Amino acid sequence: VQLQASGGGLVQAGGSLRLSCAASGTTFSSYDLGWYRQAPGKQRELVAVISSGGTYNISDSVMGRFTISRDNAKNTVVLQMNSLKPEDTAVYYCIARIVYSAILSEDYWGQGTLVTVSS
């Protein structure tokens, strides 16, 4: 299982960026797909995830500004980030999660892409 993230960069506050993650190595329609981020000195946190069943889990901090979508035919997940704020600055990681049961799952992580929002 491999995840390749792209689309990070430097943007001014109020701007937009689009992150894309291409997955390979298995059939990802049965995986939850999404994004986490980690800012300097902070723990990694959930940004947005779409479950294999189409359920959304989106952080309150990005609700209304970020949109997540997936294309199972192309094994991709996209994070459209609008109205970016300096506090969105972080390394963004793509995740693919296969859930086996209520207590057992397995995560696969991409390499991370840096998003820097200047004020």
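## Some thoughts on the pattern of salt bridges
Move 1: A full pass over the atoms with the stated rule returns 4 salt bridges.
Move 2: One salt bridge connects Arg65 with Asp88, and the closest N-O pair in it is separated by 2.7 Å. Of this pair, Arg65 sits in the loop between strand S6 (56-58) and strand S7 (66-71) while Asp88 sits in the loop between strand S8 (76-81) and strand S9 (90-99), placing them 23 residues apart in sequence. A single burial state applies to Arg65 and to Asp88, both of which are buried.
Move 3: The salt bridge involving Arg97 is made with Asp107; its shortest N-O contact spans 2.6 Å.

## Notes on the packing of aromatic side chains
Move 1: Scanning all chains against the criterion turns up 4 aromatic pairs.
Move 2: Each ring, one from Phe28 and one from Tyr31, has its centre 4.8 Å from the other, and the planes form 45°; the classification is tilted. Each of the two residues, Phe28 as well as Tyr31, counts as buried.
Move 3: Each ring, one from Tyr31 and one from Tyr108, has its centre 6.3 Å from the other, and the planes form 55°; the classification is tilted. One end of the pair, Tyr31, is in the loop between strand S3 (17-24) and strand S4 (32-38); the other, Tyr108, is in strand S10 (residues 105-109), and 77 residues separate them in sequence.
Move 4: Residue Tyr108 is classed as partly exposed on the basis of its relative accessible area, which comes to 23%.
Move 5: A network of ring pairs unites the aromatic residues Phe28, Tyr31 and Tyr108 as a single cluster.
Move 6: Across from the ring centre of Trp109, 4.5 Å away, lies the NZ or CZ of Arg44, which sits over that ring.

What counts, and where the lines are drawn
- Residues numbered from 1 in each chain as written.
- Predicted model: local features only at pLDDT ≥ 70, side-chain atom pairs only at ≥ 80, totals over all residues.
- Heavy atoms only, no water.
- Salt bridge = Lys/Arg side-chain N within 4 Å of Asp/Glu carboxyl O.
- Helix = DSSP H or I, 4+ residues; strand = E, 2+ residues; numbered from the N terminus.
- Buried < 20%, exposed > 50% of the residue type's maximum accessible area, 1.4 Å probe, protein only.
- Phe/Tyr/Trp six-rings, centres within 6.5 Å; stacked < 30°, edge-to-face > 60°.
- Lys NZ or Arg CZ within 6 Å of the ring centre and 35° of its normal.

The quantities given are spatial measurements derived from coordinates; they are silent on function.
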